[in-house]
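Descriptive analysis of the structure
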Amino acid sequence: MANFARSGEMAFLKADKINSEIFSLTYGAMVAQIMKDYEDIEEVNRQLDRMGQNIGSRLIDELFAKTGIPVSSNFMETAEVIAKVGFKMFLGITANVVNPTPQQYSLTFRDNPMVDFVELPDNCANLRYCNLLCGVIRGALEQVQIKVECHFVRDMLRGDETNEIQVRFLEQVRESALDQSFA
Amino acid sequence: MTIFNFLIFNPSGLCLYFKEFPAATSSKNNPDSWKLMYGLLHGLKGFSQFMAPRPSPSGRYLRCLSTHEYKLHCFETATCVRFVISTDPRTPDLHDQLATIYNTLYVEYVIKNPLYKLGDRIDCELFVTRLDSYLRSLPCFASS
């Protein structure tokens, strides 16, 4: 466990960084633009999730390339990697893994550079502002043959005391029938 | 010692990139040979997992396939992208060099290229030129 935290830290130190305010503001501007384009809040959530998925499927390669951590095809092991390496590398924060079981786990975190300066107006109560993160996790795990379902259960923007993303295991995708015959 | 050809396969077996060097006398630049190659790699992966006395902690098994006339060096990423290089049989293991290609060239110039769509054939100019000069700089690359 400790070495995941260390490889996350190392990767974070080596990575190129941008000012976190620029990041928060551009993300905010993007969400605001999507809200204008789609008007429907549920559709906005879906679009954020889809964008995240495309991002995640690329970030995973960078994560493996920069940290050299071994391939983990075990669902429970992915929790620590996402929480301690992924979050640290790409957001500069770490998450905690809560209630890990073979079928699901939760990631909780309090600091989140994405929501600096953000207040949700009343008419956006259903907006999941950081839904992009769910998409990233889903897209990344998809690339290592793990299908998951991922959503926010607690959100500090909506008055909860912490952010919580729940990740639920759906299935392990085999590369093809040939693998199965040898397994 | 020489390099004959270099290939990248995506997880569904599509050849993303193919490069042949002049030393290869019989050309493999056609989709049928790529399919054969992928089929072989796929089968070998299953077989090498099956034969392993204990599970490999890194999740990797296959490193190279050696014959009298050539040697195939393989590297598979966690995302099941396969890098393959075929060389003269006396060439030492190029597993680490393939890992370097993945870490410093594929991720930097292909994955991070916003114009590249995952799963498409690679025609990113930067990647192609950097890869070519990297392969040419390897000690095992010598024009025959």
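All values derive from a computational prediction rather than experimental measurement.

With that settled, the discussion passes to the overall build of chain A. Counting its regular elements, chain A contains six helices and four strands. For chain A, the α and β elements follow one another from N to C terminus as α-α-α-α-β-β-α-β-β-α. For 183 residues, the compact-globule estimate of 2.2 N^0.38 gives 16 Å, and the C-alpha radius of gyration of chain A, at 17 Å, lies within 12% of that figure. Once the C-alpha set of chain A is aligned to its principal axes, its extents read approximately 55 × 35 × 30 Å. Burial statistics for chain A: of 183 residues in total, 46% are counted as buried. Taking all contacts inside chain A whose residues are at least 6 apart in sequence as the whole, residues at least 24 apart take part in 60%. About 9600 Å² of surface is accessible on chain A, with carbon and sulfur atoms providing 51% of the total. In chain A, 18 side chains carry a positive charge and 26 a negative one; their mean positions are 4 Å apart.

When helices and strands are tallied, chain B shows three helices and five strands. Seen in sequence order, chain B has helices and strands lined up from the N terminus as β-β-α-β-β-β-α-α. The globule rule puts the C-alpha radius of gyration for 144 residues at 15 Å, and the 15 Å found for chain B is close to it. In terms of overall dimensions, chain B has C-alpha extents of about 45 × 35 × 30 Å along its principal axes. The burial tally for chain B puts 47% of its 144 residues in the buried class.

So, on to the interface of chain B and chain A. Each partner contributes residues to the interface: chain B has 30 residues there, and chain A has 18 residues. Roughly 1900 Å² of surface becomes buried between chain B and chain A when both sides are summed, with 55% attributable to carbon and sulfur atoms. By the criterion of area lost to chain A, the three top residues of chain B are His42, Ala78 and Thr79 of chain B, representing 29% of everything that side buries. Across the salt bridge formed by Lys66 of chain A and Glu108 of chain B, the nearest N and O atoms sit 3.5 Å from each other. The interface formed by chain B and chain A holds seven residue pairs in polar contact (both at pLDDT 80 or more) in total. At the level of secondary structure, the elements contributing two or more residues to the side of chain B that touches chain A comprise helix H1 (31–51) and helix H2 (95–111) of chain B. Taken together, the residues of the side of chain B that touches chain A sort by class into 15 nonpolar, eight polar and seven charged.

The next subject is unusual backbone geometry. In most cases, non-glycine residues show a negative phi, while peptide bonds are predominantly trans. Residue and element names in this part refer to chain A. A positive phi is found at Asn99, a non-glycine position, where the angle reads about 50 degrees. Mapped onto the elements, Asn99 comes out in the loop between strand E1 (96–98) and strand E2 (104–109). What makes Asn99 exposed here is its relative accessible area of 56%.

Residue and element names in this part refer to chain B. Reading across from one edge, E2-E1-E5-E4-E3 is the order of the five strands in this open sheet, with antiparallel pairing throughout. Whereas interior strands pair on both sides, the edge strands pair on one side only; in this sheet they are strand E2 (15–20) and strand E3 (64–66). Across the sheet, the mean angle separating the axes of adjacent strands is 10 degrees when strand polarity is ignored. For strand E1 (residues 3–9) and E2, the ladder comprises five bridges, and the chain directions are antiparallel. Counted as the bridge partner of Asn5 is Glu20 from E2.

All names here are of chain A. One open sheet accounts for four strands, arranged E1-E2-E4-E3; its pairing is antiparallel. Each edge of the open sheet is held by one strand with a lone partner, namely E1 and strand E3 (146–154). Taking the axes of each pair of neighbouring strands and ignoring which way they run, one obtains an average angle of 30 degrees across the sheet. Sheet topology note: the E3/strand E4 (residues 163–172) ladder contains eight bridges and is antiparallel. Looking across to E4, one finds that Cys150 is bridged to Val167. Where helix H4 (residues 75–91) meets the sheet, it contacts E1, E2, E3 and E4, and its direction lies at approximately 15 degrees from that of E2. Seen against the sheet, helix H5 (residues 131–143) touches E2, E3 and E4 and runs at an angle of roughly 165 degrees to E3.

The next thing to look at is the side chain of Thr79 of chain B. As for its placement among the helices and strands, Thr79 of chain B is situated in the loop between strand E4 (71–76) and strand E5 (82–87). With a relative accessible area of 0%, Thr79 of chain B lands in the buried category. Side chain to side chain, Thr79 of chain B and Asp61 of chain A meet in a polar contact 3.0 Å long. A polar contact is formed between the side chain of Thr79 of chain B and the side chain of Thr77 of chain B, at a distance of 2.8 Å. Apart from the residues within four sequence positions on either side, Thr79 of chain B is in contact with Ile60, Asp61, Gln143, Val144 and Gln145 of chain A together with Pro11 of chain B.

The subject of this paragraph is the packing of aromatic side chains. Evaluation of the coordinates by the stated rule reveals 15 aromatic pairs over all chains. With a centroid separation of 6.4 Å and an interplanar angle of 45 degrees, the aromatic rings of Phe47 of chain B and Phe50 of chain B are classed as tilted. In this pair, Phe47 of chain B and Phe50 of chain B are both assigned in helix H1, three residues apart and thus about one turn of the helix distant. Classification of Phe47 of chain B by relative accessible area gives partly exposed; the value is 39%. Every member of this aromatic cluster is reached through a ring pair, and the members are Phe75, Phe83, Tyr102 and Tyr106 of chain B. One Lys or Arg, Lys17 of chain A, reaches over the ring of Phe12 of chain A and ends 5.0 Å from the middle of that ring. The ring of Phe21 of chain B has Lys19 of chain B sitting right over it, with the charged end atom 5.4 Å from the ring centre.

Scoring rules and cut-offs
- Residues numbered from 1 in each chain as written.
- Chains lettered and ligands numbered in written order.
- Predicted model: local features only at pLDDT ≥ 70, side-chain atom pairs only at ≥ 80, totals over all residues.
- Heavy atoms only, no water.
- Helix = DSSP H or I, 4+ residues; strand = E, 2+ residues; numbered from the N terminus.
- Rg over C-alpha atoms; globule rule 2.2 N^0.38 Å.
- Buried < 20%, exposed > 50% of the residue type's maximum accessible area, 1.4 Å probe, protein only.
- Contact = heavy atoms within 4.5 Å.
- Areas by Shrake-Rupley, 256 points an atom, 1.4 Å probe, with all protein chains shown as cover.
- Lys, Arg positive; Asp, Glu negative; His and termini not counted.
- Charge placed at Lys NZ, Arg CZ, Asp CG, Glu CD.
- Buried area = accessible area lost by both parts, 1.4 Å probe.
- Salt bridge = Lys/Arg side-chain N within 4 Å of Asp/Glu carboxyl O.
- Polar contact = N/O pair within 3.5 Å; in protein donor to acceptor, adjacent residues only side chain to side chain.
- Nonpolar A, V, L, I, M, F, W, Y, C, P; charged D, E, K, R; others polar.
- Pairing = 2+ DSSP bridges.
- Axes fitted to C-alpha atoms, helices over the stretch in contact; angles between N-to-C directions.
- Phe/Tyr/Trp six-rings, centres within 6.5 Å; stacked < 30°, edge-to-face > 60°.
- Lys NZ or Arg CZ within 6 Å of the ring centre and 35° of its normal.

Shape descriptors only; they carry no functional weight alone.
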